[in-house]
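Fold and contact review
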Amino acid sequence: MSAVITAMITAVVGVLGTLFAPVLTQRVAARQREEERAEADRLRRLEERRAAYTAMNRASRQFSTLLKDALHRLRDEVYTDQERTALEEARLDYRDRYAEAQMIVPVHIMEASRAVNRVLAGVDAAVKRLDRGRAHPTETPDSVRHTLTTEGDPQLATMRQLMREDLGVRD
């Protein structure tokens with residue numbers, strides 16, 4: 001009797017294995033596809049952040065550079081419409097990159113970019129006042145450039161470092 005029971009148990013296990021093998025295979029494949037989708041989504045989001053960081057870093061550095069150039073030219077009284085146009089284009093590009101980044105970057109990066117934005121926007125306003133002859137009493141091209149250099153450059157460096165860390169770049 002024991003041999004018969006053993007044979008029946010073996011047959012039942014064999015039939016159940018045959019019946020459940022496709023179900024088990026399907027579940028394993030579905031789990032694997034879900035893991036692959038999750039990894040692809042993670043990589044896509046990382047690439048979006050990398051692209052946003054690259055664009056924002058480039059635009060903020062360009063805007064800062066053109067602000068410094070404008071301040072030198074204002075000091076030397078050789079600021080032309082061509083420089084005004086280039087500065088305005090850089091400001092608009094920076095504004096667009098900043099707005100795009102706001103939608104996808106983590107809060108700590110946004111806080112750093114806000115600090116940069118405050119300095120750049122303040123210096124841009126001062127450049128416009130200087131250009132129009134409506135500067136505040138303490139504003140000169142050199143004092144505004146000093147603000148941009150002592151406040152803006154370190155803020156840009158901090159923002160760039162946080163972005164690099166968020167992307168996994170370690171020095």
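Just above sits the structure.
Described below are features of the structure shown in this document. From a predicted model like this one, the values you see are computed outputs, not experimental measurements. (Residues numbered from 1 in each chain as written. Predicted model: local features only at pLDDT ≥ 70, side-chain atom pairs only at ≥ 80, totals over all residues. Heavy atoms only, no water.)

Notes on the overall build of the chain
Along the chain, the regular secondary structure elements total 4 helices and 0 strands. For the chain, the C-alpha radius of gyration of 30 Å lies well beyond 16 Å, the compact-globule estimate for 171 residues. Looking at the chain as a whole, 26% of its 171 residues qualify as buried. Where the 28 positive side-chain charges of the chain centre and where its 27 negative ones centre are 4 Å apart. (Helix = DSSP H or I, 4+ residues; strand = E, 2+ residues; numbered from the N terminus. Rg over C-alpha atoms; globule rule 2.2 N^0.38 Å. Buried < 20%, exposed > 50% of the residue type's maximum accessible area, 1.4 Å probe, protein only. Lys, Arg positive; Asp, Glu negative; His and termini not counted. Charge placed at Lys NZ, Arg CZ, Asp CG, Glu CD.)

Section: the pattern of salt bridges
A side chain with one charge may pair with a side chain of the opposite charge, provided their charged atoms come close. Here the structure, examined in full by the defined rule, presents 22 salt bridges. Here Arg50 ties to Glu47 by a salt bridge, and the two come within 2.6 Å at their closest N and O atoms. In this pair, Arg50 and Glu47 are both assigned in helix H1 (residues 2-75), 3 residues apart and thus about one turn of the helix distant. Its salt-bridge partner being Arg95, residue Asp96 comes within 3.3 Å of it at the nearest N-O pair. Each of the salt bridges in this network shares a partner with another, and the network as a whole consists of Asp41, Arg44, Arg45 and Glu48. (Salt bridge = Lys/Arg side-chain N within 4 Å of Asp/Glu carboxyl O.)

Observations concerning the environment of Thr149
If you trace the backbone, Thr149 turns up in helix H4 (residues 141-166). Looking at Thr149, the relative accessible area reads 33%, which means it is partly exposed. Residues contacting Thr149, with those up to four places away along its chain left out, are Lys68 and Pro154. (Contact = heavy atoms within 4.5 Å.)

Examining a nonpolar patch on the surface
A grouping of Val15, Leu19, Phe20 and Val23 is seen on the molecular surface, where their side chains present a nonpolar patch of about 390 Å² in accessible area. Secondary-structure assignment places Phe20 in helix H1. (Patch = residues over 30% accessible without salt bridge, like charges linked within 9 Å, V, L, I, M, F, W, Y side chains within 5 Å. Areas by Shrake-Rupley, 256 points an atom, 1.4 Å probe, with all protein chains shown as cover.)

Let's talk about helix H2 (residues 81-102)
Along its 22 residues, H2 runs 31 Å from first to last C-alpha, staying within 8% of the 32 Å computed at 1.5 Å per residue. Three or more residues of H2 are buried, namely Glu83, Leu87, Ala90, Tyr94, Arg97, Tyr98 and Ala101. Along the long axis of H2, the arc covered by the buried residues comes to 100 degrees, so they all point the same way. Seen from the buried face of H2, the exposed residues on the opposite side, beyond 90 degrees, are Asp81, Gln82 and Glu89. (Expected span 1.5 Å × (residues − 1). Arc of directions from axis to C-beta.)

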